[in-house]
Amino acid sequence: MSPPSRAPHLVDVVSHGQAVYLEHHVPVIENDPYHTHPSIEINYLRGCEMTYSFSGHEITIPQERICLFWAAYPHRPIALSGAGEITNAYISLQQFLDFAVSSDLKNDILGGSILCAKTNSASDRALMDRLSHEINNADEKWQILHRLEVQTRLVRLDTEGWDIIGQPRPRIGRHQIGGGAVAHFDKMLRFIALNAFEPISVLDVANSAGISTNYAITLFRKMLGMTVKAYITDLRIHHAKMMLTETSAKILTVSLDCGFASLSSFYDAFANATGMSPSQFRKNGATPSSDQEFTEKFAAPFR
């Protein structure tokens, strides 16, 4: 299996400028490949529930409750219960970081958690119904209005609180950044999301934002509590778990498709992350504590 694909329209539209990209359709499960895109994805289902696989970690999105996640992690829908509709809104990382929401909300999203509103409400349905009917209103005034409406809803979510319905790894204490640092951080995460399975280096990531490697490392430590290399490795390991669980690809193929320079480096990274070899993982499956153990190893120095 190849690395996760990415939707060109999301790369071109969402990751640049201040546009809010909207979709509305009847969901159908078609065994789509895993994909990634450098944006915050907001889902709202009516009359049905959808189960996603996040690199093999299954999460069911409930109906009539706004849910959102950082879509740089490989994901795909795998099951559908009921017959209904879905409305999606996609916002760039830059927009999300600029929104007037707490560091707690931002940290949960960037840490890979899947968040959901605590309750369903008539106002959410009215908002998503309205957005679904205004998809083709793409001029600047409509874009500003849609962006403000999405921002207002996330501010309300931040105020009311949220449920974490999926958490690939434990939350790590992090810090907010501001000013030009937000733009630099946005560019780096966008670059990584689009190139995580290529042989990229910390220098490549820093160059994508036009900053020094030392500054890039500092921003990652402040925002994510980890190094640039650890974040890239984390994305690669998540995809490797998916390939080992859901395909019969050879270990070498998994290693190369996930961006590791050699089989030995893949084995070392995978053992550090899970406490077992790739072949053992494929045979036995993940243990509940494996991700937590890995997180504590690489996060401890930055807390």
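The present account deals with the structure reproduced in this document. Just so you know, the residues in each chain are numbered from 1, in the order the chain's sequence is written. For a predicted model such as this one, the threshold for reporting local features is a pLDDT of at least 70, and the threshold for listing and counting side-chain atom pairs is 80 or more; totals across whole chains, interfaces and linings nevertheless cover every residue. The side-chain numbers reported here are obtained from all heavy atoms of the structure, hydrogens and water having been left aside.

## Remarks on the overall build of the protein chain
Link 1 in the chain: To qualify as a helix, a DSSP run of H or I must reach at least 4 residues; to qualify as a strand, a run of E must reach at least 2; elements of each kind are numbered from the N terminus. Helices and strands together make up the secondary structure of the protein chain, namely 13 helices and seven strands.
Link 2 in the chain: Burial classes follow relative accessibility: with a 1.4 Å probe on protein chains only, a residue under 20% of its type's maximum area counts as buried, one over 50% as exposed, and anything between as partly exposed. Here the protein chain, with 303 residues, has 53% of them falling under the buried criterion.
Link 3 in the chain: Across the protein chain, the fraction of contacts at a sequence separation of at least 24, relative to all contacts at a separation of at least 6, is 75%.
Link 4 in the chain: Per element, the accessible surface of the protein chain, about 12900 Å² overall, is 51% carbon and sulfur. What makes two residues a contact is simply this: any of their non-hydrogen atoms within 4.5 Å. In this description, accessible areas are obtained by the Shrake-Rupley approach with a 1.4 Å probe, and a residue is regarded as covered only by the protein chains that are shown.

## Considerations on the pattern of salt bridges
Link 1 in the chain: One side-chain nitrogen of Lys or Arg within 4 Å of one carboxyl oxygen of Asp or Glu is enough to make a salt bridge. Using the criterion set out here, one finds eight salt bridges in the structure.
Link 2 in the chain: One salt bridge in this structure joins K118 and D163, with 3.1 Å as the shortest N-O distance. Remark: D163 occurs in strand β7 (residues 162-166) and K118 occurs in the loop between β6 (114-117) and α4 (122-133); sequence separation between them is 45 residues.
Link 3 in the chain: The partly exposed category is assigned to D163, whose relative accessible area is 25%.

## Observations concerning the nonpolar core
Link 1 in the chain: Among the buried residues, those of types Ala, Val, Leu, Ile, Met, Phe, Trp, Tyr and Cys that are joined through side-chain atoms within 4.5 Å form a nonpolar core. The biggest cluster of nonpolar side chains holds 52 residues, and the ones touching the most others in it are W70, L154, M188, I192 and Y231.
Link 2 in the chain: When residues of this core are assigned to their parent elements, the largest contribution, seven residues, is made by helix α6 (residues 180-195).

## Thoughts on helix α3 (residues 103-110)
Link 1 in the chain: With respect to burial, α3 is a largely interior element, six of its eight residues being buried.
Link 2 in the chain: Inspection of α3 places L105, K106, N107, D108, I109 and L110 among the buried residues, and these make up the whole buried set.
Link 3 in the chain: Trailing α3 by a residue or two, G112 shows a phi angle of about 95 degrees, which is positive.

## Thoughts on the packing of aromatic side chains
Link 1 in the chain: Stacked, tilted and edge-to-face pairs are distinguished by plane angle, under 30 degrees for stacked and over 60 for edge-to-face with tilted covering the rest, among Phe, Tyr and Trp rings (Trp via its six-membered ring) whose centres lie within 6.5 Å. Taken as a whole and assessed by the stated rule, the structure comprises ten aromatic pairs.
Link 2 in the chain: On the numbers, 5.1 Å between centres and 50 degrees between planes, the contact of F260 with F266 is tilted.
Link 3 in the chain: Classification of F266 as buried rests on a relative accessible area of 0%.
Link 4 in the chain: Taken together, the ring pairs connect F260, F266, Y267, F270 and F281 into an aromatic cluster.

## Let's talk about the environment of F96
Link 1 in the chain: Structurally, the position occupied by F96 is in helix α2 (residues 93-98).
Link 2 in the chain: Separated by 58 residues in sequence, F96 and L154 have C-alpha atoms that sit 9.2 Å apart.
Link 3 in the chain: If we skip the residues at most four places from it in the chain, F96 touches I40, I91, L105, K106, I109 and L154.

## Quick notes on the environment of H57
Link 1 in the chain: If you trace the backbone, H57 turns up in strand β3 (residues 57-61).
Link 2 in the chain: In this structure H57 comes out as partly exposed when scored by relative accessible area, which is 37%.
Link 3 in the chain: Linking H57 and H75, residues 18 residues apart in sequence, is a C-alpha distance of 9.0 Å.
Link 4 in the chain: If we skip the residues at most four places from it in the chain, H57 touches Y52 and Q167.

## Section: empty space enclosed by the protein
Link 1 in the chain: Both cavities and pockets are sets of points on a 1 Å grid over the protein atoms alone; in a cavity a 1.4 Å probe fits but cannot get out, in a pocket the set is open with protein on both sides within 12 Å along at least five of seven lines, and lining residues sit with an atom within 4 Å of a point. Grid points are joined across faces, edges and corners, and a volume is the space filled by probe spheres set on the points. Tallied over the full model, the rule gives three cavities of 30 Å³ or more.
Link 2 in the chain: Of the volumes computed, that of the largest cavity is approximately 60 Å³.
Link 3 in the chain: In this structure, the largest cavity is lined by I42, I66, A89, L127, M128, L131, V150, R153 and L154.
Link 4 in the chain: Secondary structure elements with two or more residues in the lining of the largest cavity: α4 and α5 (140-160).
Link 5 in the chain: Its residues assigned to classes, the lining of the largest cavity comprises eight nonpolar, no polar and one charged. All amino acids are sorted into three groups, where Ala, Val, Leu, Ile, Met, Phe, Trp, Tyr, Cys and Pro are nonpolar, Asp, Glu, Lys and Arg are charged, and the leftover types, Gly among them, are polar.

## Thoughts on the packing of α6 against helix α7 (residues 202-209)
Link 1 in the chain: It is at 8 Å that the axes of α6 and α7 come closest, and there the two elements cross at 130 degrees. One element, α6, and the other, α7, form an angle in the oblique class. Considering the relative orientation of α6 and α7, their crossing is right-handed. Here H184, K187, M188, F191 and I192 of α6 come into contact with α7, specifically with D204, V205, S208 and A209.
Link 2 in the chain: Residue composition of the contact of α6 with α7, grouped by class: five nonpolar, two polar and two charged. Only the stretch in contact is used when a helix axis is fitted, and all axes are lines through C-alpha atoms; the angle between N-to-C directions ranges over 0 to 180 degrees. An angle counts as roughly parallel when it lies under 35 degrees, as roughly antiparallel when it exceeds 145, as roughly perpendicular when it falls between 65 and 115, and as oblique in every other case. Helix crossings get a hand from a simple test, with the near helix turned counterclockwise from the far one by less than a right angle marking a left-handed crossing and a clockwise turn marking a right-handed one.

## Notes on the side chain of N88
Link 1 in the chain: Summarising the element assignment, N88 is placed in strand β5 (residues 75-92).
Link 2 in the chain: Counting of polar contacts relies on pairs of N or O atoms within 3.5 Å, with two restrictions inside protein: one atom must be capable of donating a hydrogen and the other of accepting it, and residues adjacent in sequence are counted only when both atoms are side-chain atoms. Among the polar contacts made by the side chain of N88, one reaches the side chain of N43 at a distance of 2.4 Å.
Link 3 in the chain: Those residues in contact with N88 that lie beyond four places of it in its chain are Y21, L22, E23, H25, E41, I42 and N43.

## Comments concerning the layout of surface pockets
A probe matching the size of a water molecule, rolled over the atoms, marks out where space remains unfilled.
Link 1 in the chain: In this model, the largest pocket occupies a volume close to 470 Å³.
Link 2 in the chain: Forming the walls of the largest pocket are 20 residues, and the residues nearest its centre are K229, T233, R236, F260 and A269.
Link 3 in the chain: At the level of elements, α9 (228-246) and α11 (263-274) are the ones that each hand at least two residues to the lining of the largest pocket.
Link 4 in the chain: By residue class, the composition of the lining of the largest pocket is ten nonpolar, six polar and four charged.

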